[in-house]
Amino acid sequence: MNERSKSKSLGICRHCHVRQANIRLEYARLNLCEECFSKFIERKVGKVIKKYGMIKKDDKVLLALSGGKDSSTLLHIIRRIMPETKITCLHIDLGITGFSEECRRKAEELAHQENVELEVVNLKGFLGHTLSELATKYKKICSTCGLIRRYLLNYYGNLYGATKIATGHNLDDVVAVLWDFYVRGDLLEASRLQPVTQLIHPKALLRIKPLIELTDFELKVYADLKGLPYTPIQCPFGRESKLNSRKKLINVIESMYPAFKHTLLKSHIKRVTPLLSSLIATERSNWGTCAKCGMPSRKNICGMCRLKENLKNAE
Ligand code: AMP
Ligand code: ZN
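So, a few notes on the structure that sits alongside this text. Being a predicted model, the structure only gives us computed values, none of them experimental. Counting restarts for each chain, with residues numbered from 1 along the sequence as it is written. Chains and ligands are labelled by the order in which they are written, letters from A for the one and numbers from 1 for the other. For this predicted model, a pLDDT threshold of at least 70 governs which residues receive local features, and a threshold of 80 or more governs which side-chain atom pairs are given and counted, while totals over whole chains, interfaces and linings are taken from all residues. Excluding hydrogens and water, the side-chain figures rest on all heavy atoms present in the structure.

So, the environment of Val121
Here is the rule we go by: Helix numbers and strand numbers start at the N terminus; a helix is a DSSP run of H or I with at least 4 residues, a strand a run of E with at least 2. Each residue is placed in one exposure class: buried if its accessible area under a 1.4 Å probe, protein chains only, is under 20% of its type's maximum, exposed if it is over 50%, and partly exposed if it falls in between. Any two residues whose heavy atoms approach within 4.5 Å at even a single point are treated as in contact.
Among the structural elements, Val121 can be located in strand β5 (residues 117-122). The class of Val121 is buried, set by a relative accessible area of 5%. Measuring from C-alpha to C-alpha, the distance between Val121 and Leu90 comes to 7.3 Å, with 31 residues separating the pair along the chain. Residue contacts for Val121: discarding those within four places in its chain leaves Leu90, His91, Ile92, Asp93, Leu152 and Tyr156.

Right under this line is the structure:
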């Protein structure tokens, strides 16, 4: 099992061969001390950024800072390993009762600590409704929330002149979504899930996931070791979500088949995606422009403008 065990049972750290190991990474059969673990994680993020050409010298990154452990760790690591990178953080205050206030506070605390600019967008201000209010009208609130977040990140990314949008999606997140697409045989949708994604549209910013090879466990241990401000609370709408139950199921598989998640992601990127390259190219060019707001859209009117229209009609 992945766990931080009592030092004695893990022996000496496999990297420094000096200190006692107290962190076990089962998928890599690796026992590390805290110091070497931190370096290992930072190096891994650096490698992913390099491997996929995620951040270049002239990039201006809009980092989606949620107040959760993943995006907080992402900000901290990029500041450490690429201190020259121009970063603006964007926090979307979704107005989820009993949750969003804490997320916002943590995002503000971390941005201050890391000395980066933070923009806070209030959903109530943008749309006239909080997510808690929308939840009383829409059943599939998690997908509405996803649509809102994607739209706002791209919208403000353009507004601030960003060249990339970085999110804290990790290996567990990506594998849980891939799992669903593969089970349904929806390889086209699956192919959209990549470490770097871009649609062919002048207003579609490149989206990068520098934490895509790190697990939930690794990110939690790292964030706690560094004492980063983040909220441990889960979104009240997502707690019982299908995505979360899939994550649990995948962890059961992982416990019987170590490195299952890493293998699945690698196969997806290296073996499946290349077979679908022509489909992916068609899918990317299928995007047009929303007739109302000018943002990328697959339909004549984008999801956000349809949502706004819908809310107006319901008034
Ligand atoms: P989630 O879908 O909640 O796992 O979030 C995935 C990623 O989306 C996070 O790591 C953040 O980078 C970004 N994100 C989620 N919620 C917010 C938010 N309220 N404000 C800004 N970014 C967010
Ligand atoms: Zn629109």
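A look at the site of ligand 1
We count it as follows: The cutoff for a nearby residue is simple: one of its non-hydrogen atoms must lie within 4 Å of the molecule or strand. A 3.5 Å cut-off defines polar contacts: any pair of N or O atoms within that distance qualifies, except that in protein one atom must be a possible hydrogen donor and the other a possible acceptor, and neighbouring residues in sequence count only when both atoms are side-chain atoms. Only the protein chains shown count as covering a residue, and every accessible area follows the Shrake-Rupley method with a 1.4 Å probe. Each residue gets one label: Ala, Val, Leu, Ile, Met, Phe, Trp, Tyr, Cys and Pro are nonpolar, Asp, Glu, Lys and Arg are charged, and the others, such as Gly, are polar.
Every residue lining ligand 1 is accounted for by Ala64, Leu65, Ser66, Ser71, Leu90, His91, Ile92, Leu94, Arg149, Thr167, Gly168 and His169. Ala64 is positioned such that a nitrogen or oxygen atom in its backbone is 2.7 Å from an oxygen atom of ligand 1. Arg149 has a polar side-chain atom sitting 3.1 Å from a nitrogen atom of ligand 1. Coverage of ligand 1 by the protein amounts to 78% of the 470 Å² it exposes when considered alone. When residues of the shell around ligand 1 are assigned to their parent elements, the largest contribution, three residues, is made by strand β4 (residues 86-93). A class-by-class count of the residues in the shell around ligand 1 yields five nonpolar, six polar and one charged.

Here's the deal with the packing of aromatic side chains
Inclusion rule: Paired rings are identified among Phe, Tyr and Trp, the last through its six-membered ring, by centres lying within 6.5 Å, and are further divided according to the angle between planes into stacked (under 30 degrees), edge-to-face (over 60) and tilted (the rest).
According to the stated counting rule, one finds eight aromatic pairs in the structure shown. Arranged with centres 5.6 Å apart and planes meeting at 75 degrees, the rings of Phe126 and Tyr155 form a pair that is edge-to-face. In this pair, Phe126 sits in helix α5 (residues 123-127) while Tyr155 sits in helix α7 (residues 141-159), placing the two residues 29 residues apart along the sequence. Residue classification places Phe126 among the buried positions, given a relative accessible area of 19%.

Describing the nonpolar core
The condition is simple: In this description, a nonpolar core means a group of buried Ala, Val, Leu, Ile, Met, Phe, Trp, Tyr and Cys residues linked to one another through side-chain atoms lying within 4.5 Å.
With 57 residues, the main nonpolar core has Leu25, Leu32, Phe37, Leu63, Leu65 and Leu75 as its most contacted residues. Among the elements that take part in this core, helix α2 (residues 34-51) stands out by supplying seven residues, more than any other. Counting residues in hydrophobic clusters, the runner-up holds 32 residues, among them Leu90, Phe126, Ile148 and Cys305.

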